[in-house]
Amino acid sequence: GGGKTCIMAEVDRLRPSYARVTIVQHQARSVVRKYRKKRRYLQLWRLKEMIPSLAQQGAVDEVDILEETTRYILSLEQKLLEKVREHGLPEKLVKMKDNPAVSDDEDAKDNTDMNMMKCILHKFAQPEIERRLEDQKIEDEKQILEILETGR
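What you see is a predicted model, and the numbers here were worked out from it, not measured in a lab.

Next up on the list: the packing of aromatic side chains. We describe a pair of aromatic rings using the distance from one ring centre to the other and the angle between the two ring planes. Scanning the entire structure with this criterion turns up zero aromatic pairs. If you follow Arg40 out to its NZ or CZ, it ends over the ring of Tyr41, 5.1 Å from the centre.

Shown next as structure tokens:
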């Protein structure tokens, strides 16, 4: 065995320092990869449970979950825009509304109004979405630290 150790030491010295990975670093990366994989599956499971067309199904492919989620979000957005078109903007959003672009072409005006509504709704929702993402990021970081400390 001594010759092998000597050869391995020489090979390791030939490697640039940034490419050398200690056993601890390797284990830490492995733990983080395992955590991220677990986290991804948890998030996919949560998405699956939120989507009516998938909630009652057993095993579903990751791509199917993402495609159905996209369809579901677009359908919810469409329903929301139809409600806004039918009942008008809620009071909070009316205050944010700029003057709509004036157009003689009714289809173009309708499309401009829909795009404006989308922009207003997205602008209104953005701070809440960012707050939730920040909360999730903090929770993820806590869990990663816990995993690194316990080794699980």
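Turning our eyes to something else, we now look at the pattern of salt bridges. What the rule picks out here adds up to seven salt bridges. In this structure, Lys48 and Glu49 form a salt bridge, with 3.8 Å as the shortest nitrogen-oxygen distance. Using a relative accessible area of 8% as the deciding quantity, one classes Lys48 as buried. Arg131 serves as the salt-bridge partner of Asp135, at 2.8 Å between the closest nitrogen and oxygen. Residue Asp135 and its partner Arg131 are both found in helix α6 (residues 106-150); the two are separated by four residues, about one turn of the helix. When salt bridges with common partners are traced through the structure, they connect Glu128, Arg131, Arg132 and Asp135 into a single cluster.

Another aspect to go through is helix α4 (residues 62-87). With 26 residues, α4 should cover 38 Å at 1.5 Å per step; its first-to-last C-alpha distance of 37 Å lies within 8% of that length. Restricting attention to buried positions, one finds in α4 the residues Ile65, Thr69, Glu77, Leu81 and Val84. If you check the start of α4, you find a side-chain oxygen 3.0 Å away from the backbone N of Val63, and it comes from Asp61. Of the residues flanking the end of α4, it is Gly88, one or two places downstream, whose phi is positive at about 85°.

Quick notes on the rules
- Residues numbered from 1 in each chain as written.
- Predicted model: local features only at pLDDT ≥ 70, side-chain atom pairs only at ≥ 80, totals over all residues.
- Heavy atoms only, no water.
- Phe/Tyr/Trp six-rings, centres within 6.5 Å; stacked < 30°, edge-to-face > 60°.
- Lys NZ or Arg CZ within 6 Å of the ring centre and 35° of its normal.
- Salt bridge = Lys/Arg side-chain N within 4 Å of Asp/Glu carboxyl O.
- Buried < 20%, exposed > 50% of the residue type's maximum accessible area, 1.4 Å probe, protein only.
- Helix = DSSP H or I, 4+ residues; strand = E, 2+ residues; numbered from the N terminus.
- Expected span 1.5 Å × (residues − 1).
- Polar contact = N/O pair within 3.5 Å; in protein donor to acceptor, adjacent residues only side chain to side chain.

What is shown is where atoms sit, not what they do.
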